[in-house]
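Spelled out, the chains give:
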Amino acid sequence: MVPIDEPGDNGAVRYLHPGSETDLYLHEAHTPPNAVIEAHVHHSDEIIYVTRGELQLGARVQRPGSLVYIPADTLDGFSAGPDGLNFRAYRDTSHVLKEEFLAQRSG
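Residues numbered from 1 in each chain as written. Predicted model: local features only at pLDDT ≥ 70, side-chain atom pairs only at ≥ 80, totals over all residues. Heavy atoms only, no water.

J.: Looking at this structure, I do not really get the overall build of the chain. What am I missing?
T.: Counting its regular elements, the chain contains 1 helix and 11 strands. Across the 107 residues of the chain, 30% fall into the buried class. If you sum the accessible surface of the chain, you get close to 6,600 Å²; carbon and sulfur atoms cover 54% of it. (Helix = DSSP H or I, 4+ residues; strand = E, 2+ residues; numbered from the N terminus. Buried < 20%, exposed > 50% of the residue type's maximum accessible area, 1.4 Å probe, protein only. Areas by Shrake-Rupley, 256 points an atom, 1.4 Å probe, with all protein chains shown as cover.)

If you want it as structure tokens, here you go:
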């Protein structure tokens, strides 16, 4: 597969492996220094591998070579360095923002 870059509000995404409902999906997310990713939820497990820069989750700073596992339906947000590598179980990049997630849980 030829990588495809998609620019976005917080940098760019390069799709490296298309994945499917049964195969892993792989993309590389490039974020500008000090970008803030608002609290949100994905409905699939996520593994983040930091290749360059830093990723801050709460009080913990993840540096190059760090792996972070975030289970499905877990509320998370972070400040990002310039680069990271991100794996997902399938090609569903949808997410729910914090307010909607909390409303779903209380209703």
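J.: Please clarify how the nonpolar core should be interpreted in this entry.
T.: Nonpolar side chains tend to gather and get buried jointly when the protein is soluble and globular. In terms of nonpolar packing, the biggest core is built from 9 residues, these being I37, I48, V50, L55, L57, V68, I70, F78 and A80. Those elements giving two or more residues to this core turn out to be strand 5 (46–52), strand 6 (55–57), strand 8 (67–70) and strand 9 (76–80). Discounting residues that sit within four places of it in the chain, I70 has contacts with S44, D45, E46, I48 and D76. (Core = buried A, V, L, I, M, F, W, Y, C linked by side-chain atoms within 4.5 Å. Contact = heavy atoms within 4.5 Å.)

J.: I would appreciate a short explanation of the pattern of salt bridges in the present structure.
T.: Oppositely charged side chains can pair when the atoms bearing their charge come close. Overall, the coordinates contain 1 salt bridge when judged by the stated rule. For R63, the salt bridge identified is with E54, shortest N-O distance 3.3 Å. Judged by relative accessible area, which is 38%, E54 ranks as partly exposed. (Salt bridge = Lys/Arg side-chain N within 4 Å of Asp/Glu carboxyl O.)

J.: Honestly, unusual backbone geometry in this entry has me stumped. Any pointers?
T.: Among all residues except glycine, the phi angle is most often negative; among peptide bonds, the trans geometry is most common. Located in the positive-phi region is N34, a residue other than glycine, with phi close to 65 degrees. Here N34 lies in the loop between strand 3 (25–30) and strand 4 (35–41). One non-glycine residue with positive phi stands out, namely D73, at about 60 degrees. In this structure D73 comes out as partly exposed when scored by relative accessible area, which is 40%.

J.: Even after reading the chapter, I still don't get the sheet that holds strand 7 (residues 60–62), so can you show me in this structure?
T.: In any sheet, the strands associate via hydrogen bonds between backbone groups, in a parallel or an antiparallel arrangement. On the basis of which strands lie adjacent, the open sheet formed by 5 strands has the order 7-6-9-4-11 and antiparallel pairing. Each edge of the sheet is formed by a strand with only one pairing partner; in this case those strands are strand 7 and strand 11 (96–97). Bridge analysis of strand 6 against strand 9 gives 2 bridges, and the strand direction is antiparallel. When the bridges of strand 9 are listed, L55 appears paired with A80. (Pairing = 2+ DSSP bridges.)

J.: I keep staring at the pairing of strand 9 and nothing clicks. Help me out?
T.: The side chains of a regular strand alternate between both faces of the sheet. Every second residue of strand 9 is oriented toward a common face, the buried set being D76, F78 and A80 and the non-buried set G77 and S79. Bridging between strand 4 and strand 9 involves 4 bridges; their strand directions are antiparallel. Pairing of A35 across the sheet is with A80, part of strand 9.

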